[in-house]
Each structure stands twice: as structure tokens, then as C-alpha cells.
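For reference, the chains in residue letters:
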Amino acid sequence: MKSMRQSTLETLGLGTILDIFQSGRQPVREPEMVEVVFGAAGHRGAMVISGGNGIVGSGKAMQIGSRLLPYDVPIVTLDLPNSPDGLRQQYNGLRQSFGEKRAADIMANIVQMSYDGANLPAALNRFNPRFVLEAIPEILSLKRAHYDILRKAFPNIEIRSVTSGFPASELGVGILHPSFPHQINKIWEVVESKPSAVTQLIWAMGLIPLPVGDYWSFILDVLFCGITLAATRYHHIANMPFFKLDKFIRRLVGPNPLRAHDAIGPGASFLTWSCLRHLSEKYGDLFSPTEELVRRKNSGESWYSSNRPVIDWSLDDEAEFQAWILGPLVQMTSLLLRENRAHLAIMNAIGELCAQFNKGVVAMVRNMGADKAAAIVNAYHKLHPAAATGCWFPEVFARMDGADWQQLYVNAEHNGQVGVITISREALNWDVIHELNRAVDWLKAEGIHRVILTGDFHLSTQMVGADITEFYPALNSEQSGFQVARLWSECARRFHTDFEVSVGFVGGKRCLGGMLELLAHCHYLISVESAQLGLPEVTLPVVPGMEGCHWLFRKSDAANWHKVTGLLFTGKAVRAPDGIGWLLDYAGPMDEAIKIVWDITTGAKGLPKRAIIGEPLSIPLDTYSLPSTGNPLIIACRKAIADCIRGSTAVPLSQALEVQAKHSAGFMTSAHCRSGAVGSNWKKVMEV
């Protein structure tokens, strides 16, 4: 087998994506991993969450407890008798997610126990604990003593810490560091000597474990605490209020770090200060906490004041602001790269999925280029000379031409006959499009004529369409919108024109918008039966720009055209089984769907191929009834979509791409689009 770069799934000990399709099954399944970790049915041991009343422990009790409920694995929480009951505070969210009955069942499977911090309750023995998730306060001596009493009572027990900053080498246990919010965020940074059954169980449960190196603080904390530190340093020199500073940071890179601290709660400032203090002791002044952080870690006060001044605060020097914010971020990224803290795609994903950056820091630096990255750090050092005394490694950016740098979101593998292209980002952007084109070029150069296009079974658990931040330039420039629609569609067309056989596979919970349009260009489209598929563009409102207004009609018979219009005009998704025959070619259980994909791609056996109609079509839109709506934006977008359908189906396939791109771009500049979700989001982010 050859690949452009290592798949991130391999870092979990789960093989390659090609292995999955060749074997016809997922590498591990949830029931078998539950048995490995907790024992056989009828003799299952418990999962213990120590510090279970805290914000992390109670959140993870909800998240993991809901998944382990079908397997009769008891969840036991341990905490001090005077600790606040965080579990009950989680119940309303649990009920909203699962309904009254299932929420009650999940809570009934959680056993709350108190202890004095030094002696385990005798009743714990009855539950035969097999795995402990430790979420007690960030005091190293306290954690070590806790592990000692657990191991003394249960010598073979598996222990993982949720610590925010201590290395595994200091703790003496492996680490599962979860992202906030703890009851719903699926990301866990994992530190262990080799992939374990616990980590593979987390993956099998649909969560996202990310192996990282064993260093002080983790990638998420370096980035999140780092951007917070940069904000407080700029506040110190510019006296800009924190709420306004957050707005400029969001416009520049994506997150609102100070608002995020308030959302997490008073303890967030302490954790940020603690991480930065440890990092500064190890790496120097780049990470030294500011006086503002020191004060708030003691007081716990919020960053945003309820008394915001009416006066506007402008940004007098954009270049200086970027140096203060981007400079330390780029320098910290050089440290993460120098220490090889994670697979580059994983390092990049943590910035996006957890720290809420528009682009991960690796992609951000890649798009800058090595020279610009070095220049912005040098500008920062002129403003803050103390940061120049250590941990700046510009030489790591010299390797940007390598596939691990160039293919952060898209990978390709092949066995000499069949290729697999995987997308690890949930939303399409220009980076994904460029990487898709490089992956197609690579497979063609390798002589591969049969290809599977799918998610990566790891970082991307769903495909949600296009990243709407890529539409911002199109709101003011029809040419920019036309470039997006035309070039993204040309990339999608390659899966129809450049391979003898192409099979799109939907393996996650949903495939929407541009992602669905992309996969629909494959000769075959296969899905797991649990997936939802749809074109929600009308609700934004925008006109689909990757040929959804004509391609789906050309690939289905006239009897099903009303179903296509239903997708386009209502924005409502359909269940995968309801899309068979007009949107999909097959939908079934995961392993069966995987086998079907492999059989079609290899030519072992196939399904009838739905041909694409190249001649002009006449779609009887006036005969299709639609649910009424009083929303003027949806009414206007429906009209624009109808015009696009008529225009792009009335011409041959060879002309349809450009016709649709013009319609999509034209609506982007309209007042209706600017008044909808895309325009509103642009205004909130960009007009500060």
C-alpha cells in the first residue's frame, strides 16, 4: 500500500482507511471493546469517575454514561461529601438530548459515592471497578496520592487523568484530556505509550481520541492559553476593553478567548494561569502569565464587564495588532512542531475543533509561508523582546513542501488497483479543494483508475457542507462568488471524469450542502442507513454552488424530480434509506455498506449505474407543490434556485457548470443573502 501521508487512524493502532474497505468491516466494534475494557456480559466491572461532581467529571459521566448504558456498565462517581452536585445540573441537557425516559435511565445507572479523599468507600468493591477517569483538582501531589489508594485497592485497574497540564511522566498514569463543553465535545487528547483498548473503545463509541506527545500542557491548552495570553498583553499596551479585543481576535483568527473563559466559569482563569506558569518555567517568557491573569486566577472574576462603555474602540494599527496576536501563535506553533507533539493533521484539527480557530495553526502558518511566518514573529519580538530569548524555531517551517504539511485535510491511499481519498474536515473550504485536487493528481500519476471518496473515519464524524467564512468575499464581489462556485465544481467534476469508477461513501451521521454535491459527482453514492442527507442552502439563504441545481436532476429519472426539488426548496434532510434510487445507490448497516463500496470499486459485483444526462432537460417546476413559508428570505431564495434550475438544466451538461456558477454568484451579492445567516455572520465577525 502507498499513501500520500500517514492516516491519523493509524495513530490509534486501527490501520488505514484502505484496510477498512479491504476487510469489509470497521477495525474494532463497540461491543467487543466494551468486553475488553469492562469484562464479559453478566460480569462487567464499573467505570469510576473521581471528581465526578465537578464540571469535567459530571459532563463526562453524561457523555460516556449515555453510550455505555446498553452494555450494563455501571458509572460510579467519587467526590468529597461537601462538593456541589454537578450531576444534577447536567440533567436538563440530558433530557433535551435523549428524552425523559432515556435520561432517567442514564441517571439511574450512575451511582454517586462520597469519600474523605484518603480512603475509598467499602461499597465500591461491589462494583468491581475496571477503569478510572480521574478529574480531581490540578494538584500533582493530590493526584499521585489518589492513584496510590486506587491501585492499592484494585491492583490491575486502568487509570486515566483529565489533567489540563501535567505530563503523564509526572503523573504516572495515561491521560485523556477532554475538550469543553464536556458533556458534548467529542475530542480527547490522549497520552499513552502505545494505543490502548481504552482509547480504541473511545473511538468505537463515536468519540474522537487524538494521540499527542507527553509534554507540559497539551496542544489545546498551548493554543487556547496562548491566545488568551496574547489578548491580555495587547490589552496591557492598548487599554482596549476585553469585549472589544475579543471581537478583533475573532475577526483575525476565529475564537473569543476571553468570552470563552467566562462561559467555562471562574475556574478557567486559574487553569489558564496554571498551564502558562508551568510552560513559562519550562520554555521562558513567551508563556509568562500577565498581571491580569494572576489577578483573575485569585479572584475568579469575569473578563466581560456588565458595564460596557458606549464609546467605540478602533484599531489604530492593524499590523501591530497582528504582531501581538499572530506573533506568539506562530512562535508557539514552532515549538509544537519542534517537539513533534502530534501528527500534523491532528495538531491542526485541535486548533479548529477545540480552540475554534477558523483554520488550524498549521494550516494558518502554511498559508502564510515560511518567510511571512518568520517576519511576523520578528515583529512581535520587537514589541516584546523577552519572548525572543527562547523556544523560537523558524527552521521547522522549511519542511512545508512535504505531504504531511500539504495534505492536512485530505489524504490518499492505494493498493496498486484501488485508491481511497479521505476528507478529515467537516466543512469544505479552499484548503480542502486544493488538497482534493492534489490527491486526484497523485492517484492518477500512480496509475489508479478506481477510487473511493469518503470521510476519514476519525477526525470527521459528519460532513456539514461549505465553510460559510469562504463566502464572505462573495457578498461584495460577484467575481469572488463565481470563482468559488466554478472552481469547487470543477474539482467535484473530476470524480465523474477522471476515473473509470468512483464511489462516494457517507459513513457519518450527516452529509449536507456542498459535501453532498461533491460526493454526488461520484459514479455511485453509498451511505450508512443512519445518515441524514440534505441541501440546506435555501435556509441560509444561498443558491447551491456545486451543481446541485442540475446534477441531481440529470442523475435521477423524471419520476423522482419532485424529491430533488424537495431537497432544494425546503432545505430538509432525508433519511438515507429514503434516498435510494434517486440520490443514493445503496444504504445499509456500516459493515454491509463498506462491503458494497469495495465490491463496486473492485468490480467484484455492482449495482446499476445511474447515468448522467448530458442533454438539456425541462423540469416542470410549476407542477410541484411546496410547503408555504412566510419568510421573505426563503421566498426570494426559492425563486433564485428555480431560476438556477431552469437555466442550468436548459443547456447541455458541458455548459451547465458555468451557468449555475453565475446564478449562485449573482444571488450572493443580493440584499436577501446579505440579510440571511451568511450576511449576518459576516457582519457580526467583520464589522467590528
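First, a word on scope: everything that follows refers to the structure included in this document. (Residues numbered from 1 in each chain as written. Predicted model: local features only at pLDDT ≥ 70, side-chain atom pairs only at ≥ 80, totals over all residues. Heavy atoms only, no water.)

Moving on, we get to the overall build of the protein chain. When helices and strands are counted, the protein chain shows 28 helices and 20 strands. Its C-alpha atoms give the protein chain a radius of gyration of 26 Å, within 12% of the compact-globule value 26 Å for 688 residues. By principal-axis analysis of the C-alpha atoms, the protein chain measures approximately 75 × 65 × 55 Å. Here the protein chain holds 688 residues, and 59% of them are scored as buried. Across the protein chain, the fraction of contacts at a sequence separation of at least 24, relative to all contacts at a separation of at least 6, is 75%. Just so you have it, the protein chain exposes about 26,300 Å², and 52% of that area is on carbon and sulfur atoms. Of the charged side chains in the protein chain, 64 are positive and 66 negative; the average position of the first set lies 3 Å away from that of the second. (Helix = DSSP H or I, 4+ residues; strand = E, 2+ residues; numbered from the N terminus. Rg over C-alpha atoms; globule rule 2.2 N^0.38 Å. Buried < 20%, exposed > 50% of the residue type's maximum accessible area, 1.4 Å probe, protein only. Contact = heavy atoms within 4.5 Å. Areas by Shrake-Rupley, 256 points an atom, 1.4 Å probe, with all protein chains shown as cover. Lys, Arg positive; Asp, Glu negative; His and termini not counted. Charge placed at Lys NZ, Arg CZ, Asp CG, Glu CD.)

Next up on the list: the sheet that holds strand E1 (residues 2-3). Strand pairing in a sheet is mediated by backbone hydrogen bonds. Such pairs are either parallel or antiparallel. Spatially, E1-E10-E11-E13-E15-E17-E20 is the arrangement adopted by the seven strands of the open sheet, whose pairing is mixed. Each edge of the open sheet is held by one strand with a lone partner, namely E1 and strand E20 (586-588). With six bridges joining them, strand E11 (residues 418-423) and strand E13 (residues 450-455) adopt parallel strand pairing. Looking across to E13, one finds that Ile421 is bridged to Leu453. Each of E1, strand E10 (410-414), E11 and E13 touches helix H19 (residues 430-445); the most contacted strand, E10, lies at about 15° to it. The strands touched by helix H24 (residues 590-602) are E11, E13, strand E15 (501-506), strand E17 (524-528) and E20; relative to E15, the strand with the most contacts, the crossing angle is about 170°. (Pairing = 2+ DSSP bridges. Axes fitted to C-alpha atoms, helices over the stretch in contact; angles between N-to-C directions.)

Of all five residues that make up E10, five are buried, and the element is covered over most of its length. Covered by surrounding structure in E10 are Val410, Ala412 and His414 together with Asn411 and Glu413, the residues of both alternating faces. In the sheet, E1 pairs with E10 via two bridges, with the strands oriented antiparallel. Each bridged residue has a counterpart across the sheet, and for Lys2 the counterpart in E10 is His414. Taken together, the five bridges between E10 and E11 define a ladder with antiparallel strand orientation. Bridging from a neighbouring strand, Glu413 pairs with Val420 of E11.

Okay, the sheet that holds strand E2 (residues 46-50) next. Here eight strands make up an open sheet; going across it, the order is E4-E3-E2-E5-E6-E7-E8-E9 and the pairing mixed. Where the open sheet ends on each side, the last strands, each with one partner, are strand E4 (110-114) and strand E9 (208-211). Put simply, the sheet's adjacent strands are angled 25° from each other on average, direction ignored. As paired elements, strand E6 (residues 158-161) and strand E7 (residues 174-178) share two bridges and run parallel to each other.

Looking now at the side chain of Thr77. Looking at where Thr77 falls in the secondary structure, it is placed in strand E3 (residues 75-79). The buried category is assigned to Thr77, whose relative accessible area is 2%. Apart from residues no more than four positions distant in its own chain, Thr77 is found in contact with Ile49, Gly52, Ala61, Leu87, Ile110, Val111, Gln112 and Met113.

In this section: the nonpolar core. Grouped together as the largest cluster of nonpolar side chains are 233 residues, with contacts concentrated most on Ile421, Leu436 and Leu518. With eleven residues, helix H9 (residues 219-238) is the largest single contributor of residues to this core. Residue contacts for Leu518: discarding those within four places in its chain leaves Ile423, Leu428, Leu436, Leu453, Ala492, Phe495 and Met546. (Core = buried A, V, L, I, M, F, W, Y, C linked by side-chain atoms within 4.5 Å.)

Here the focus is the packing of helix H14 (residues 318-338) against helix H17 (residues 370-383). Where H14 meets H17, the axes come as close as 8 Å, and the angle between the chain directions of the two elements is 110°. With respect to each other, H14 and H17 are oriented roughly perpendicular. You can see that H14 and H17 cross each other, and the crossing is left-handed. Here H14 contributes Glu320, Gln322, Ala323, Trp324, Leu326, Gly327, Pro328, Val330 and Gln331 to the contact with H17, which in turn contributes Ala373, Ile376, Val377, Ala379, Tyr380, His381 and Leu383. Each residue belonging to the contact of H14 with H17 can be placed in one class, and the counts come to eleven nonpolar, four polar and one charged. (Parallel < 35°, antiparallel > 145°, perpendicular 65-115°, else oblique. Left-handed = near helix turned anticlockwise from the far one by under 90°. Nonpolar A, V, L, I, M, F, W, Y, C, P; charged D, E, K, R; others polar.)

Here we come to the packing of aromatic side chains. Tallied over the entire structure, the rule returns 15 aromatic pairs. Taking 6.1 Å as the distance between ring centres and 65° as the angle between the ring planes, the aromatic pair formed by Phe248 and Phe321 counts as edge-to-face. With Phe248 in helix H10 (residues 242-252) and Phe321 in helix H14, this pair connects stretches of sequence that are 73 residues apart. With a relative accessible area of 4%, Phe248 lands in the buried category. Here the aromatic cluster, defined as three or more aromatic residues joined through ring pairs, consists of Phe21, Phe457 and Phe505. A cation over an aromatic ring shows up here: Lys297 above the ring of Trp273, its NZ or CZ 4.1 Å from the ring centre. Above the ring of Tyr409, the side-chain terminus of Arg425 is found at 5.5 Å from the ring centroid. (Phe/Tyr/Trp six-rings, centres within 6.5 Å; stacked < 30°, edge-to-face > 60°. Lys NZ or Arg CZ within 6 Å of the ring centre and 35° of its normal.)

Looking now at the pattern of salt bridges. Tallied over the entire structure, the rule returns 37 salt bridges. For the salt bridge of Glu352 with Arg425, the shortest nitrogen-to-oxygen distance reads 3.1 Å. You can see Glu352 sitting in helix H15 (residues 344-353) and its partner Arg425 sitting in the loop between E11 and strand E12 (427-428), a full 73 residues away along the chain. Since its relative accessible area comes to 12%, Glu352 is described here as buried. The structure contains a network of salt bridges with shared partners spanning Lys359, Arg366, Asp431, Glu435 and Glu470. (Salt bridge = Lys/Arg side-chain N within 4 Å of Asp/Glu carboxyl O.)

Cis geometry marks the peptide bond from Phe180 to Pro181, where omega comes out at 0°. Locating Pro181 in the fold gives a position in the loop between E7 and strand E8 (187-191). Residue Asn239 is not a glycine yet carries a positive backbone phi of 60°. By secondary structure assignment, the location of Asn239 is in the loop between H9 and H10. Positive phi, normally seen in glycine, also occurs at Asn340, with a value near 55°. Overall, the relative accessible area of 59% leaves Asn340 in the exposed class.

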